[in-house]
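So you can see what is in the structure, the chains are spelled out below.
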Amino acid sequence: FPVAQTVPGQRVPPPAATVPRAAPLPQARAAPDAGLAQEVRKLVQDTIQTNSDIFGEFSTSQEMDMPTFTQLIELIVPGMTREEMKALFTSMDINNDGSIQAGELFSDLAMAVLHSRMDQEVVHPLEGSYHCLPKPPFRSDPKQLAAIGILKDVFDEVVAARFRPIPVPVQAPKPKQPERQAPGMLASMFWGAKKVQPAAAKPTQVVERPPPRPNAPRGAYIYGGCGCGKTVLLDLFFRSLPDDFPARRLHWHEFIRDAFRSMQGQPPGENIFAAMADMLAKQFRVLLLDELLITHISEAILVKNLFRHMWARGMTIITTSNYRPEELYAKGFNRDQFVDFIPDLTGQCPVIDLGGETDYRKVDLSENSEIFWHPINPDTTASFNQTFENMVGKDVTKDFQLPIPMEKRHISVPAYGTDTRGAKVARFTFNDLCVKNMGRADYSVIAENYHTLFIEGVPKFKPDLGAEFRRFISLTDILYGKKVALHLQSEVHTEQLF
């Protein structure tokens, strides 16, 4: 895709659009044990002071880059793998500038991660990354642990397969069309001179070419409801891969946006999906796709054909979804053109069921007046305004025109500033984002450029707000996938919006 320019056999840092910001560390919802955090903090401080030849620059600048961080963790948690260190560093680097500040390094959540990992003996990068999750707010879940066991096999297979050359697609020949029998010699002799009414021609039966055969390690289809841990597992898989591994991690909205853009640059013809797959095979060998959701026949046809050609070229797909494979595009227009693909999907991406009743996003989430405000009145508006000002201070840029890559238009950002960590914080109204004719491309650009969003004036959705409702769902879905912190003022409690 246009956002993915990776040389085969090498790995460059994926574009910001493809990297989930600040995962796996979430916003704090329950404070880790203060005593344990203090013990680990003292250990880290003592290690830095004792090794002044290594960490002397940090003592002066209060900033640490990835190589120095790696040396520090090797001294504190010798059993932690490089992939785990990379995941932890990326999680702490809130503003994505390649360095972490002292406040990020010594935060309670970072200390909780190190404490969790110190007592764990792990032999696989995925296990190590999972045990690096800070507890709280994360909790060990039996279904997540079972999924890790399955994903370990997938991980090992794709890592081994990366050294093999890109397979040449194998496709069965297209069956020949049945030919009409010519009249025999006797028929020509006896009836050739008679004028007879020709028989009506029978309609030609079109025989489709069989799809190319899969030639890739099998991936996974991680299914479950909201808050069960699907995205966390996908992020852990991505960040546990070796540094030089060609992989791409995308949200569904980014994938479908870039896929349709890529189609526009391909020559017309029946091989457009093959040409796209050829291009993608040169960029990455594993696609990690979050929140698969098919809403239109064009998306169904694209997924069906592009996935098949990607598998034929040795690419593995790991995806998450709130829907089982057989539920995708349910009751959609011309769904019969998609149904025959479902067995292929489950064959190449076996289902991992993370179902369950627990929504971990809501565990330990109290009624926080600085995250959600309702109803819409002068008091909540004043508190909303004050919280935004407390976060960014007085230095606010207003009416900023945010460019959309590869498009000749901009998004109007009413106001944005920078918090104490250097992360950008933007402010919009509901009308700015959901009443205007905005779409997934716009929301993705916003999510990629701002770490925190304040949205005011969200109404209770009624039947006459169908378009606004769909836009709001797309917006919140993309913000969640990108780990954007959301502060919301609404007419009613968030649980009563729909």
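Since the structure is predicted, the reported quantities are computational estimates derived from the model, not experimental observations. Throughout this document, residue positions are counted from 1 along each chain, in the order its sequence is written. The model is predicted, so local features are restricted to residues of pLDDT at least 70 and side-chain atom pairs to those at 80 or more, both for listing and for counting; the totals for chains, interfaces and linings are taken over all residues. Hydrogens and water molecules were not included; the side-chain quantities draw on all heavy atoms of the structure.

1. Comments concerning the overall build of the protein
Inference 1: For the purposes of this entry, the term helix denotes a DSSP run of H or I that reaches at least four residues, the term strand denotes a run of E that reaches at least two, and both are numbered from the N terminus. Scanning the protein from terminus to terminus reveals 19 helices and 13 strands.
Inference 2: Buried means the residue's accessible area, taken with a 1.4 Å probe over protein chains only, is under 20% of the maximum for its type, while exposed means over 50%, and partly exposed covers the values in between. A burial count over the protein gives 49% of its 498 residues as buried.
Inference 3: Within the structure as shown, the protein displays about 24800 Å² of accessible surface, and the carbon and sulfur contribution to it stands at 54%. The accessible surface values rely on the Shrake-Rupley method and a 1.4 Å probe; as for residues, cover is taken only from the protein chains in view.

2. With respect to the nonpolar core
Inference 1: Take the buried Ala, Val, Leu, Ile, Met, Phe, Trp, Tyr and Cys residues and link them wherever side-chain atoms come within 4.5 Å; each set so joined is a nonpolar core. The biggest cluster of nonpolar side chains holds 35 residues, and the ones touching the most others in it are Phe 255, Leu 306, Phe 307 and Met 310.
Inference 2: Listed by contribution, the elements that provide at least two residues to this core are β3 (220-223), α11 (252-264), α12 (272-281), β5 (286-290), α13 (297-312) and α15 (342-348).
Inference 3: The element that contributes the greatest number of residues to this core is α13, accounting for eight residues.
Inference 4: In this structure, Met 310 is in contact with Ala 277, Leu 280, Phe 284, Leu 287, Met 315 and Ile 317, ignoring residues within four places of it in sequence.
Inference 5: Ile 404, Tyr 443, Leu 475 and Leu 479 belong to the second-largest nonpolar core, a separate cluster that totals 29 residues. Here, two residues are considered to be in contact whenever any of their heavy atoms come within 4.5 Å of each other.

3. Some details on unusual backbone geometry
Inference 1: Cis rather than trans, the peptide bond between His 374 and Pro 375 has omega equal to -5°.
Inference 2: Mapped onto the elements, Pro 375 comes out in the loop between β8 (372-373) and α16 (378-392).
Inference 3: Positive phi outside glycine occurs at Lys 483, with the angle close to 60°.
Inference 4: Structurally, Lys 483 is set in the loop between α19 (466-481) and β13 (485-490).

4. Topic: the pattern of salt bridges
Inference 1: The rule for a salt bridge is simple: a side-chain nitrogen of Lys or Arg has to be within 4 Å of a carboxyl oxygen of Asp or Glu. Inspection of every chain in the model, using the stated rule, returns 22 salt bridges.
Inference 2: Between Arg 440 and Glu 299 there is a salt bridge, with the nearest N and O atoms lying 3.1 Å from each other. Residue Arg 440 is found in helix α18 (residues 440-449), and its partner Glu 299 is found in helix α13; the two are separated by 141 residues along the sequence.
Inference 3: Taking the relative accessible area as the measure of exposure, Arg 440 reaches 24% and is therefore partly exposed.
Inference 4: In this structure Glu 299 comes out as buried when scored by relative accessible area, which is 3%.
Inference 5: For the salt bridge of Lys 304 with Asp 340, the shortest nitrogen-to-oxygen distance reads 3.1 Å. Taken as a pair, Lys 304 in helix α13 and Asp 340 in the loop between α14 (336-339) and α15 lie far apart in primary sequence, 36 residues in all.
Inference 6: For Lys 304, a relative accessible area of 11% gives the class buried.
Inference 7: What emerges from the salt-bridge pattern is a single network uniting Arg 257, Asp 258, Arg 261, Glu 407, Arg 409 and Asp 442.

5. As for the confidence of the model for the protein
Low-pLDDT stretches of the model should not have their predicted coordinates read in fine detail.
Inference 1: Per-residue confidence from the predictor is given as pLDDT, running between 0 and 100. Averaged over all residues, the pLDDT of the protein is 81; the fraction at 70 or higher stands at 80%.
Inference 2: Note on residues 2-31: pLDDT is under 50 here. Beyond four places in sequence and across chains, it has 93 contacts.
Inference 3: Overall, residues 185-196 carries pLDDT values under 50, and its contacts beyond four positions in sequence, including any with other chains, amount to three contacts.

6. Section: the sheet that holds strand β7 (residues 351-353)
Inference 1: Ordered in space as β4-β5-β6-β3-β7, the five strands form an open sheet in which the pairing is parallel. Edge positions in the sheet fall to β4 (247-251) and β7, since each of these pairs with one other strand and no more. When the angles between neighbouring strand axes are averaged without regard to direction, this sheet yields 15°.
Inference 2: Here, a strand pair is defined by DSSP locating no fewer than two bridges between the strands. Here β3 pairs with β7 via three bridges, running parallel. Within β7, the position partnered with Tyr 221 by the bridge is Val 351.
Inference 3: A fitted line through C-alpha atoms represents every axis, and for helices the fit uses only the stretch in contact; the resulting angles, taken between N-to-C directions, go from 0 to 180 degrees. Contacts from helix α8 (residues 142-161) reach β3, β5, β6 (316-321) and β7 within the one sheet, and its direction differs from that of β7 by about 155°.

7. Comments concerning α18
Inference 1: Counting buried positions over the ten residues of α18 gives eight, a clear majority of the element.
Inference 2: Taken residue by residue, α18 has Ala 441, Asp 442, Tyr 443, Ser 444, Val 445, Ile 446, Ala 447 and Glu 448 as its buried positions.

8. Quick look at the side chain of Glu 254
Inference 1: Within the secondary structure, Glu 254 is located in helix α11.
Inference 2: By relative accessible area, Glu 254 is classed as buried at 2%.
Inference 3: Polar side-chain contacts of Glu 254 include one of 2.8 Å to the backbone nitrogen of His 251. For this analysis, a polar contact is any N or O atom pair within 3.5 Å, provided that within protein one partner can donate a hydrogen and the other can accept it, and provided that sequence-adjacent residues contribute only side-chain to side-chain pairs.

9. Focus: the environment of Phe 89
Inference 1: Mapped onto the elements of the fold, Phe 89 is located in helix α4 (residues 82-92).
Inference 2: Residue class for Phe 89 comes out buried when judged on its relative accessible area of 6%.
Inference 3: Distance in space between the C-alpha atoms of Phe 89 and Met 66 is 6.9 Å, their sequence separation being 23 residues.
Inference 4: Non-local contacts of Phe 89, meaning those with residues more than four positions away in its chain, are made with Met 64, Asp 65, Met 66, Phe 69, Gly 98, Ser 99 and Ile 100.

10. Remarks on the packing of α4 against helix α10 (residues 230-240)
Inference 1: Orientation of α4 relative to α10, taken along the N-to-C sense of each, is 120°, at an axis distance of 8 Å. In terms of orientation, α4 lies oblique with respect to α10. In this structure, α4 meets α10 at a crossing whose hand is right-handed. Residues Glu 83, Lys 86, Ala 87, Thr 90 and Ser 91 of α4 form the contact with α10, whose own contacting residues are Phe 238, Arg 239 and Ser 240.
Inference 2: For this scheme, ten residues count as nonpolar: Ala, Val, Leu, Ile, Met, Phe, Trp, Tyr, Cys and Pro. Four count as charged, namely Asp, Glu, Lys and Arg, and the remainder, Gly too, count as polar. Tallied by class, residues from the contact of α4 with α10 come to two nonpolar, three polar and three charged. Oblique is the label for every angle not falling under 35 degrees (roughly parallel), over 145 degrees (roughly antiparallel), or within 65 to 115 degrees (roughly perpendicular). By the definition used in this description, the sense in which the near helix is turned from the far one sets the handedness, with an anticlockwise turn below a right angle giving left-handed and a clockwise turn giving right-handed.

11. Here we look at the environment of Gln 71
Inference 1: By the element assignment, Gln 71 lies in helix α3 (residues 66-76).
Inference 2: Classification of Gln 71 as partly exposed rests on a relative accessible area of 35%.
Inference 3: The sequence separation of Gln 71 and Ile 54 amounts to 17 residues, and the corresponding C-alpha distance is 8.2 Å.
Inference 4: When residues no more than four places from it in sequence are discounted, the contact partners of Gln 71 are Ile 54 and Phe 55.

12. Observations regarding the sheet that holds strand β9 (residues 397-403)
Inference 1: Spatially, six strands are ordered β8-β13-β12-β11-β10-β9 in an open sheet, and the strand pairing comes out mixed. Looking along the sheet, the strands with just one partner apiece sit at the ends: β8 and β9.
Inference 2: The sheet contact formed by strand β12 (residues 452-458) and β13 spans five bridges and is parallel. Looking across to β13, one finds that Leu 453 is bridged to Leu 486.
Inference 3: Sitting on the sheet, α18 touches β9, β10 (410-418), β11 (424-429) and β12, and the angle it makes with β9 is about 120°.

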